[in-house]
Amino acid sequence: MNDDTPDSTQELADVLQDVRRHLLWQEETAGRSLLVDAKVAAELQQQRAAASSVRTMIARTKAPEPPAASPPPRPPVESPTRDALHAAMKQPLGAARPLAAATPPPAASRPLASEAPAPRAAPAPGMLLDVPKSTPRYNGALPGVVEGERPTLDQIRRELGDCRRCKLCTGRKNIVFGSGNPRADLVFVGEGPGENEDLQGVPFVGAAGDLLTKMIGAMGFSRNDVYIANVVKCRPPGNRNPEPDEIAACEPFLRSQLLALQPKVIVALGKFAAQTLLRDTTPITRMRGQWREYEGIQLMPTFHPAYLLRNSAEKRKAWEDLQQVMKLFGKHPGSGA
Ligand code: URA
């Protein structure tokens, strides 16, 4: 930048002042809590670098540095909200979320799936945010989604089209997009279609599907009440695990579907669903049974029905996980509710 006019110098000094104040505030809170997630931290790093080059520039244009004896004014006692910080930094920052409560509160007043999403509550001024347990946000573009608008499942299906985005397209008979109630409060996410699903174009219709249908029934729901989708929408040959490039190609469609559905609860069936949605490589044996949060939605990881068919002793644990979900819906096992 070669603009050395006094106005631009003043402007640069003001920017530096802003950056300083916020960096100071950041440093003050360090060790007690983190305001930002990893992406924001990287952006702040860039801000620091920018501040340092602004400082250099100001020194070159002979703008007076604040004397060492009089540090920049302390930030107000009320820590800035994230929004205020965003505005001050004049840069869009990624969103960090408060940690989901270990036992989520019943969300009885949730709007219908067709209603516009409620704006998320902003943290109170001065509130220090806890570091989210994990679940960094997905930053890619979502197919079928016009920015700022809630998509419909039909729009997403149209966008998927006769998908050729990964090699699974070569062996598939049908794309298995998902099925169930588009207004569902409860969504199950599996791994990917098997042979029967591939033939019928419907998720969970084979042996694992039979078990899932029973699990849903035992929870007091029917398949028509819930929505069922998969991480990958085409059958991996020989029912092998989906590969990272296949998951990467298909995952945005699942995320769009969840944005369209906006359920109250997601049950992630097995490691591929849980690890993909949560961006967490923790084994499913450790993740299961613990409430997590996916984009503001309560998520319960549990075992995949196909695993339960091979390891029936684990069904008890899966049932415990599902009972937690039932509790959230005010349902009680054995009550027939
Ligand atoms: N297993 C899955 O993960 N999904 C299906 O649709 C069927 C079996």
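Cut-off values and rules
- Residue positions are given per chain, counted from 1 along the sequence in the order it is written.
- Given that the model is predicted, a residue must reach a pLDDT of at least 70 before its local features are reported, and side-chain atom pairs must reach 80 or more before they are shown or counted; all residues, however, enter totals for whole chains, interfaces and linings.
- Think of the side-chain values as coming from all heavy atoms in the structure, minus any hydrogens and water.
- Runs of E in the DSSP output that reach at least two residues are strands. Runs of H or I that reach at least four are helices, and both are numbered from the N terminus.
- In this scheme, a residue with accessible area under 20% of its type's maximum is buried, one over 50% is exposed, and one in between is partly exposed, where area comes from a 1.4 Å probe on protein chains only.
- When checking whether two residues touch, look at their non-hydrogen atoms; a contact exists if any pair is within 4.5 Å.
- Under the convention used here, a 1.4 Å probe and the Shrake-Rupley method define accessible areas, while residue burial counts only the protein chains that appear.
- Here, strands pair whenever DSSP counts at least two bridges between them.
- Residue types Ala, Val, Leu, Ile, Met, Phe, Trp, Tyr and Cys, when buried and joined through side-chain atoms within 4.5 Å, form a set referred to as a nonpolar core.
- Lines fitted to C-alpha atoms define the axes here, with helix axes fitted over just the stretch in contact, and angles between the N-to-C directions of these axes take values from 0 to 180 degrees.
- Reported orientations rely on four angle classes, namely roughly parallel under 35 degrees, roughly antiparallel over 145, roughly perpendicular from 65 to 115, and oblique for the rest.
- Less than a right angle of anticlockwise turn of the near helix away from the far helix marks a crossing as left-handed, whereas a clockwise turn marks it as right-handed.
- Under the scheme applied, nonpolar residues are Ala, Val, Leu, Ile, Met, Phe, Trp, Tyr, Cys and Pro; charged residues are Asp, Glu, Lys and Arg; polar residues are all the others, including Gly.
- Here a residue is considered near a molecule or strand provided that any single heavy atom belonging to it is located within 4 Å of it.
- The definition of a polar contact used here is a pair of N or O atoms within 3.5 Å, where within protein one atom must be able to donate a hydrogen and the other to accept one, and adjacent residues in sequence count solely through side-chain atom pairs.
- It is the directions from the helix axis to the C-beta atoms that the arc portrays.
- The pLDDT value tells you how sure the predictor is about a given residue, anywhere from 0 up to 100.

A.B. asks: So what's going on with the overall build of the protein? Which residues, and what values?
C.D. replies: Assigned secondary structure in the protein consists of 11 helices and 6 strands. For the protein, with 337 residues in total, the buried portion stands at 44%. Pairs at least 24 residues apart make up 75% of the contacts formed inside the protein by residues separated by at least 6 positions. For the protein, the accessible surface area stands at approximately 17,600 Å², while carbon and sulfur atoms represent 54% of it.

A.B. asks: Can you tell me about the sheet that holds strand E1 (residues 179–180), naming the residues and giving the values?
C.D. replies: The 6 strands are arranged E1-E3-E2-E4-E6-E5 in an open sheet whose pairing can be described as mixed. Strand pairing shows two members of the sheet lacking a second neighbour, E1 and strand E5 (292–294), which therefore form its edges. In the sheet, strand E4 (residues 265–269) pairs with strand E6 (residues 297–302) via 5 bridges, with the strands oriented parallel. Paired with valine 267 across the bridge in E6 is methionine 300.

A.B. asks: An account of the nonpolar core is needed here, citing residue identities and associated values.
C.D. replies: Formed by 60 residues in total, the largest nonpolar core has its most connected members in Leu186, Phe188 and Val325. If one sorts the elements of this core by residue count, helix H7 (residues 244–261) sits on top with 7 residues. Leave out the neighbours within four places in its chain, and phenylalanine 188 touches Leu212, Ile216, Met219, Val226, Tyr227, Ile228, Ala229, Val267 and Leu269.

A.B. asks: Describe the packing of helix H4 (residues 153–160) against H7, naming the residues involved and giving the relevant values.
C.D. replies: The description of two helices packed together rests on the angle between their axes and the distance between the axes. Look at H4 against H7: their axes get within 9 Å of each other, and the N-to-C directions meet at 165 degrees. In terms of axis orientation, H4 runs roughly antiparallel to H7. Regarding H4 and H7, the two cross each other, and that crossing is right-handed. Facing Leu153, Ile156, Glu159 and Leu160 of H4, the residues of H7 in contact are Phe253, Ser256, Gln257, Ala260 and Leu261. Considered class by class, the residues forming the contact of H4 with H7 number 6 nonpolar, 2 polar and 1 charged.

A.B. asks: Give a detailed account of the side chain of glutamate 314, specifying residues and quantitative values.
C.D. replies: Residue position: glutamate 314 is located in the loop between helix H10 (305–310) and helix H11 (315–328). Filtering out sequence-adjacent residues up to four positions away, glutamate 314 remains in contact with Phe303, Tyr307 and Leu308.

A.B. asks: Describe the site of the ligand, naming the residues involved and giving the relevant values.
C.D. replies: Near the ligand the following residues occur: Gly190, Glu191, Gly192, Glu197, Pro203, Phe204, Asn230 and His304. Contact distances for the ligand include 3.0 Å between a nitrogen atom and a backbone N or O atom of glycine 192. One of the side-chain nitrogen or oxygen atoms of histidine 304 is found 2.7 Å away from an oxygen atom of the ligand.

A.B. asks: Before we move on, can you summarise H4 with the specific residues and values?
C.D. replies: When we look at burial in H4, the residues that qualify are Leu153, Ile156 and Leu160. Down the axis of H4, the buried side of the element spans an arc of 65 degrees, and every buried residue falls inside it. In H4, the exposed residues that point more than 90 degrees away from the buried face are Asp154 and Arg158. At the exit of H4 stands glycine 161, carrying a positive phi of roughly 55 degrees.

A.B. asks: Could you give an account of helix H8 (residues 270–278), with specific residues and numbers?
C.D. replies: Counted residue by residue, H8 has 7 buried out of 9 residues, so it is predominantly covered. Among the residues of H8, Gly270, Phe272, Ala273, Ala274, Thr276, Leu277 and Leu278 are the ones counted as buried. Looking at the buried side of H8, the elements it contacts are strand E2 (186–190), H7, E4, helix H9 (284–287), E5 and E6. A positive phi of about 50 degrees marks arginine 279, the residue just after H8.

A.B. asks: So what about the packing of H7 against H8? Which residues, and what values?
C.D. replies: One can describe the packing of H7 onto H8 by two numbers: an axis separation of 11 Å at closest approach and a directional angle of 75 degrees. Taken together, H7 and H8 sit at an angle that is classed as roughly perpendicular. Side by side, H7 and H8 meet where Ile247, Glu251, Leu254, Arg255 and Leu258 of the first sit next to Phe272, Thr276 and Leu277 of the second.

A.B. asks: Could you give an account of the confidence of the model for the protein, naming the residues involved and the relevant values?
C.D. replies: Scored by pLDDT, the protein has a mean of 73; 58% of the residues are at 70 or more. Considering each helix and strand of the protein separately, the mean pLDDT is smallest for helix H3 (residues 82–89), with a value of 33, and largest for E2, with 99. Contacts for the low-pLDDT stretch residues 21–44, under 50 throughout, to residues beyond four places or in other chains number 40 contacts.

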